[in-house]
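# Secondary and tertiary structure notes
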Amino acid sequence: MNISQAAQRTGLTSKAIRFYEDRGLFTPPPRSLNGYRDYHDQHIEELTLIKQAKAAGFSLDECREFVELYRDPQRRSADIKARTLEKIEQLTRQLDEITQIRQQLISLAANCPGDDNADCPIITGWTQGCHQNSPES
């Protein structure tokens, strides 16, 4: 199948497929006599794996590792589970950080009158934070 058909089957764009190929994320498809890529079911499965892993928050390097594990008949599900649990821990830390940032913004916005005055507790709070961390304070 050609790249358009592969894109349709995977839900990826042709541009994304070419990008993933350039980065060596999946098995390169053979070329037909006319030079066009010829995708097979293995490519579709690898591309779908990349798409799903990216959607779950994995980096391109991590996606490459998953494709390598997919290709390895001696793979251990324990290795895949360990990577998944590590990602869960990373996402949990990121969620905690985002929650803290959100709370800070809610507090700053609640203290800002949002009127035509130049005084703004948001700007003041951020600039004072800068002075608190400087060696001159």
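Look up: the structure comes first, before these words.
Since this is a predicted model, take the numbers as computed values, not measurements. (Residues numbered from 1 in each chain as written. Predicted model: local features only at pLDDT ≥ 70, side-chain atom pairs only at ≥ 80, totals over all residues. Heavy atoms only, no water.)

### Looking at the overall build of the protein
Counting its regular elements, the protein contains six helices and zero strands. When the helices and strands of the protein are read in sequence order from the N terminus, they spell out α-α-α-α-α-α. Scaling as 2.2 N^0.38, a compact globule of 137 residues should have a C-alpha radius of gyration of about 14 Å, whereas the protein reaches 24 Å, well beyond that. A principal-axis box enclosing the C-alpha atoms of the protein has dimensions of 70 × 40 × 30 Å. (Helix = DSSP H or I, 4+ residues; strand = E, 2+ residues; numbered from the N terminus. Rg over C-alpha atoms; globule rule 2.2 N^0.38 Å.)

### Quick notes on the packing of aromatic side chains
A complete count under the given rule lists two aromatic pairs for this structure. With centroids separated by 4.9 Å and ring planes inclined at 85°, the aromatic side chains of Phe58 and Phe66 adopt a geometry described as edge-to-face. Phe66 carries the same exposure label as Phe58, and that label is buried. (Phe/Tyr/Trp six-rings, centres within 6.5 Å; stacked < 30°, edge-to-face > 60°. Buried < 20%, exposed > 50% of the residue type's maximum accessible area, 1.4 Å probe, protein only.)

### A few points about the pattern of salt bridges
A complete count under the given rule lists seven salt bridges for this structure. Put simply, Asp41 and Arg9 hold a salt bridge, and the shortest N to O gap is 3.4 Å. Here the residue Asp41 occupies a position in helix H3 (residues 41–55), and Arg9 occupies one in helix H1 (residues 3–10), the gap between them amounting to 32 residues. A residue is classified by how much of its surface remains accessible, and Asp41, at 47% relative accessible area, is partly exposed. Between Arg71 and Glu46 there is a salt bridge, with its nearest N and O atoms 3.4 Å apart. Highlighted residues: Arg71 in helix H4 (residues 60–71) and Glu46 in helix H3, separated in sequence by 25 residues. (Salt bridge = Lys/Arg side-chain N within 4 Å of Asp/Glu carboxyl O.)

### Points about the nonpolar core
With 19 residues, the main nonpolar core has Leu12, Ile17, Tyr20, Phe26, Tyr39, Leu47 and Ile50 as its most contacted residues. Of all the secondary structure elements, the ones that give two or more residues to this core are H1, helix H2 (14–22), H3 and H4. Not counting residues within four places of it along the chain, the set of residues in contact with Tyr20 comprises Leu12, Leu25, Phe26, Leu47, Ile50, Lys54 and Leu60. (Core = buried A, V, L, I, M, F, W, Y, C linked by side-chain atoms within 4.5 Å. Contact = heavy atoms within 4.5 Å.)

### As for the packing of H1 against H3
When two helices pack together, their arrangement is given by the angle between the helix axes and the distance between those axes. At a minimum axis separation of 10 Å, H1 and H3 run at an interaxial angle of 50°. The orientation of H1 relative to H3 falls into the category oblique. When you trace H1 past H3, the crossing you get is right-handed. Residues Ala6, Arg9 and Thr10 of H1 lie in contact with H3, whose contacting residues are Asp41, Ile44, Leu47, Thr48 and Lys51. Classifying every residue of the contact of H1 with H3 gives three nonpolar, two polar and three charged. (Axes fitted to C-alpha atoms, helices over the stretch in contact; angles between N-to-C directions. Parallel < 35°, antiparallel > 145°, perpendicular 65-115°, else oblique. Left-handed = near helix turned anticlockwise from the far one by under 90°. Nonpolar A, V, L, I, M, F, W, Y, C, P; charged D, E, K, R; others polar.)

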